[in-house]
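# Observations on the three-dimensional arrangement
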Amino acid sequence: MGLRVYRQKRDFTATPEPAGGKRPRGKGHSYVIQKHAATRLHYDFRLEHDGVLVSWAVPKGPSLDPGEKRLAVHVEDHPLEYGGFEGVIPTGHYGGGPVLLWDRGTWTPHGDPSEGLAKGKLSFDLDGERLQGRWALVRMHGRRGNGDGDDHDNWLLMKSDDEAARTKGDVTKEHVESVKSGRSLDELLQRPGKSWESNGAAEPDVAGSR
Ligand code: MN
């Protein structure tokens, strides 16, 4: 699908988000979840595939309970550089609000991921800082996109039943802060960009680099 739709939606002179395309398209399998307080809070679930981050917006975030199916709306592909992005998208711009890195790691597809994406049935393992084990993304019946990379098909994100599954608790409530900076969404809003140094573990901030 590529990054055409991603770039159409954004003004890179105004948003700290990366335009992308600088990293060579490889065969990597990085994975990231970003917690994003736009008009409505949601979790952006992204899997690296064919040089982009294939992306879904999950309003309730992931659940470790195999009985909890979470709506995951397929959205436009994002550039690989987006996987390191944390910062504040300006109000009035597409997706305006704070974005923090909620989880990151790698994923391992079961079977051919291109086939799985086309068929609407993707099974994979996650090896993240917060999420592990086997997961599935399954496209719901009904409306199908037109293939322009902005289809908003509805999928379901589900934990498969394994040692990493859990029926008690809510992983999104147990971990609210960034895996990158330790910041909460409120702290990002109050102190965006490079000014944040208080925990001594802060990395160079992508948001402040523009
Ligand atoms: Mn988002």
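Above this text is the structure in question.
One structure accompanies this document, and this report is about it. (Residues numbered from 1 in each chain as written. Predicted model: local features only at pLDDT ≥ 70, side-chain atom pairs only at ≥ 80, totals over all residues. Heavy atoms only, no water.)

## Concerning the overall build of the protein
- Looking only at helices and strands, the protein has four helices and nine strands in total.
- The helix and strand sequence of the protein, counted from the amino end, reads α-β-β-β-β-β-β-α-β-β-β-α-α.
- Evaluated residue by residue, the protein yields a buried proportion of 48% over its 210 residues.
- Partitioning the intrachain contacts of the protein with sequence separation of at least 6 by distance along the chain shows that 59% fall at a separation of at least 24.
- Carbon and sulfur atoms form 50% of the exposed surface of the protein, whose accessible area is close to 10,400 Å². (Helix = DSSP H or I, 4+ residues; strand = E, 2+ residues; numbered from the N terminus. Buried < 20%, exposed > 50% of the residue type's maximum accessible area, 1.4 Å probe, protein only. Contact = heavy atoms within 4.5 Å. Areas by Shrake-Rupley, 256 points an atom, 1.4 Å probe, with all protein chains shown as cover.)

## As for the nonpolar core
- Within the largest apolar cluster, 27 residues are counted, with the highest numbers of intra-cluster contacts made by Phe-45, Leu-47, Trp-56, Phe-124, Leu-126, Leu-131 and Leu-137.
- Mapped onto this core, the elements with two or more residues apiece are β1 (30-37), β2 (41-49), β3 (52-58), β6 (97-109), β7 (121-128), β8 (132-139), β9 (154-159) and α4 (185-190).
- Among the elements that line this core, the one with the most residues is β3, at four residues.
- When sequence neighbours within four positions are dropped, the list of residues in contact with Phe-124 reads Phe-45, Leu-47, Trp-107, Thr-108, Pro-109, His-110, Gly-133, Arg-134, Trp-135, Ala-136, Leu-137 and Leu-157.
- Core analysis: the next-biggest nonpolar cluster, separate from the first, contains eleven residues, Tyr-6, Leu-80, Tyr-82 and Val-99 among them. (Core = buried A, V, L, I, M, F, W, Y, C linked by side-chain atoms within 4.5 Å.)

## Considering the coordination of the manganese ion
- The manganese ion binds to the protein through His-36 (ND1), His-42 (NE2) and Asp-44 (OD); the donor distances cover 2.1 to 2.3 Å.
- One chain supplies every donor to the manganese ion, and in sequence these donors are spaced H-x5-H-x1-D.
- By relative accessible area, Asp-44 is classed as buried at 5%. (Donors = N, O, S within 2.8 Å, 3.2 Å for Na, K, Ca; no water.)

## So, the packing of aromatic side chains
- Across all of its chains, the model carries nine aromatic pairs by this definition.
- Judged by centre distance (5.7 Å) and plane angle (50°), the rings of Tyr-31 and Phe-45 are tilted. Of the two residues, Tyr-31 sits in strand β1 while Phe-45 sits in strand β2, which places them 14 residues apart along the sequence. Here Tyr-31 matches Phe-45 in class, with each residue buried.
- Ring centres of Trp-56 and Trp-155 lie 5.4 Å apart, and the angle between their planes is 75°; this geometry places the pair in the edge-to-face category. Here Trp-155 lies in strand β9 and Trp-56 lies in strand β3, a separation of 99 residues in the sequence.
- Exposure remark for Trp-56: the relative accessible area of 0% places this residue in the buried category.
- On the basis of relative accessibility, which here comes to 1%, the residue Trp-155 falls in the buried class. (Phe/Tyr/Trp six-rings, centres within 6.5 Å; stacked < 30°, edge-to-face > 60°.)

## A short note on the pattern of salt bridges
- Considering all chains together, one arrives at eleven salt bridges under this definition.
- Note that Arg-46 and Asp-44 form a salt bridge whose closest N and O atoms lie 3.5 Å from each other. Accessibility classification places Arg-46 together with Asp-44 in one group, the buried group.
- Close ionic contact of Glu-177 with Arg-130 constitutes a salt bridge, the shortest N to O distance being 3.0 Å. Of the two residues, Glu-177 is situated in the loop between α3 (171-174) and α4 and Arg-130 in the loop between β7 and β8; the sequence distance between them amounts to 47 residues.
- Its relative accessible area of 13% is what places Arg-130 among the buried residues.
- Salt bridges sharing partners connect three or more residues here, namely Arg-10, Glu-17 and Glu-76. (Salt bridge = Lys/Arg side-chain N within 4 Å of Asp/Glu carboxyl O.)

## Concerning the pairing of β7
- One ladder, built from five bridges, connects β6 with β7; its direction is antiparallel. From the neighbouring strand, Thr-108 faces β7, where its bridge partner is Asp-125.
- Across seven bridges, the pairing between β7 and β8 is antiparallel. The partner of Phe-124 across the bridge, within β8, is Trp-135.
- Hairpin connection, β7 to β8: the antiparallel pair is bridged by three residues. (Pairing = 2+ DSSP bridges.)

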